[in-house]
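Chains, contacts and geometry: an overview
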Amino acid sequence: MNPCIEWLDDPQVFRVNQLAAHSDHFFYASREEEKAKKSSRIQSLDGRWLFRFSPNAKERPRRFFEKEFDSSDFDTISVPGHIELAGYDKIHYINTMYPWEGHEFRRPAFTTAEEQAAKGMFSEAEYNPVGSYLTTFRLEKGMQKKKISICFAGVEQAMFVWLNGHFIGYAEDSFTPSEFDLTPVFGRRESIGSRSA
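The residue count restarts for each chain, going from 1 along the sequence in the order it is written. Totals for whole chains, interfaces and linings use all residues, but because this is a predicted model, local features are given only for residues with pLDDT of at least 70 and pairs of side-chain atoms are given and counted only at 80 or more. As a rule here, side-chain values come from all non-hydrogen atoms in the structure, and water together with hydrogens is ignored.

1. Some words on the overall build of the protein chain
In DSSP terms, a helix is any run of H or I states spanning at least four residues, a strand is any run of E spanning at least two, and both are numbered starting from the N terminus. Each helix and strand in the protein chain was counted, giving three helices and nine strands. In the protein chain, the succession of α and β elements from N to C terminus is β-α-β-β-α-β-β-β-β-β-α-β. Exposure categories follow from relative accessible area, calculated using a 1.4 Å probe and restricted to protein chains: below 20% of the type maximum is buried, above 50% is exposed, and the middle band is partly exposed. The burial tally for the protein chain puts 40% of its 197 residues in the buried class. Areas reported here follow the Shrake-Rupley algorithm with a probe of radius 1.4 Å; residue values treat only the protein chains shown as occluding. If you sum the accessible surface of the protein chain, you get close to 12,400 Å²; carbon and sulfur atoms cover 51% of it.

What follows is the structure in structure tokens.
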């Protein structure tokens, strides 16, 4: 399946290949790990990631997840983190009116908008910030040859995820965990890139 930027405009598509919600209890390979509260089954990807800010989806780097992509003009950003607090764009959650009120029409399809009015509302908007993130990692030895999934604890609006250039999934569960199975493509090369829109 190929990702489609128009999913941003379609209220009927809000997740693709996202794993179903489940218990978020920690799990350990042994009693010793549980006592030490250190699991060999979890690998954190927190840290400095490559990052590119775009004011809208049309100006995003289109093929940034491909192996040959030149990311030399990307900045770095802390993950987890918030792009507005890192100096990109403007802070949206304030104690007054939202910054788009009166400037942007934000009524999704099937609400108060006519169907045609919703076409391209997010995918073609002049202002709908996009963050493109890249990182590379090696899977820790204790996790190799096991089922591998990735969990994003909270992404604002929507995200597309790739691993080794292969599309993994899409989710719009803003600020709730979104988890994807990486096992089918993980053996091809141990790096990951993701894009959130």
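2. Topic: the pattern of salt bridges
Should a side-chain nitrogen of Lys or Arg be within 4 Å of a carboxyl oxygen of Asp or Glu, the pair is scored as a salt bridge. According to the stated counting rule, one finds four salt bridges in the structure shown. Where Arg 52 meets Asp 73, a salt bridge forms, and the shortest distance between an N and an O atom there is 3.3 Å. Linking Arg 52 in strand β2 (residues 47-54) with Asp 73 in the loop between β2 and β3 (75-79), this pair joins segments that are 21 residues apart in sequence. Taking the shortest distance from any N to any O, the salt bridge between Lys 58 and Glu 126 comes out at 2.6 Å. Taken together, the residues Lys 58 in the loop between β2 and β3 and Glu 126 in the loop between α2 (115-118) and β4 (130-136) connect sequence positions 68 residues apart.

3. As for the packing of aromatic side chains
Pairing of aromatic rings covers Phe, Tyr and the six-membered ring of Trp, with a centre-to-centre limit of 6.5 Å; geometry is then stacked below 30 degrees between planes, edge-to-face above 60, and tilted otherwise. Under the criterion given, the structure shown has 15 aromatic pairs. Between Trp 162 and Phe 167, the ring centres sit 6.1 Å apart and the planes meet at 65°, which makes this aromatic pair edge-to-face. Neither Trp 162 nor Phe 167 differs from the other in exposure class; each is buried. Through a chain of ring-to-ring contacts, the aromatic side chains of Trp 7, Phe 64, Phe 65, Phe 69, Phe 74, Phe 160, Trp 162, Phe 167 and Tyr 170 assemble into a single cluster. Distance and angle both matter: a charge sits over a ring if NZ of Lys or CZ of Arg is within 6 Å of the ring centre and within 35 degrees of the ring normal. Note that Lys 90 overlies the ring of Tyr 127, its terminal NZ or CZ placed 4.8 Å from the centroid.

4. Things to note about unusual backbone geometry
Note: most residues except glycine have negative phi, and most peptide bonds are trans. Following Val 79, the chain continues to Pro 80 via a peptide bond in cis, the omega torsion being 5°. In this fold, Pro 80 is placed in the loop between β3 and α2. Backbone geometry places Lys 145, a non-glycine residue, at a positive phi of 65°. As for its placement among the helices and strands, Lys 145 is situated in the loop between β4 and β5 (149-152). Judged by its relative accessible area of 88%, Lys 145 is exposed. A positive phi is found at Asn 164, a non-glycine position, where the angle reads about 50°. Within the secondary structure, Asn 164 sits in the loop between β6 (159-163) and β7 (166-171).

5. Digging into a nonpolar patch on the surface
For patch detection, residues must exceed 30% relative accessible area and be free of salt bridges, and they are connected within 9 Å for like charges or within 5 Å for nonpolar side chains (Val, Leu, Ile, Met, Phe, Trp, Tyr). On the surface, a cluster of nonpolar side chains totalling about 340 Å² of accessible area is made up of Phe 26, Phe 27 and Ile 42. Relative to the elements of secondary structure, Phe 26 occurs in the loop between β1 (15-16) and α1 (31-36). By relative accessible area, Phe 26 is classed as exposed at 64%.

Such coordinate-based values are descriptive only and should not be taken to indicate function.
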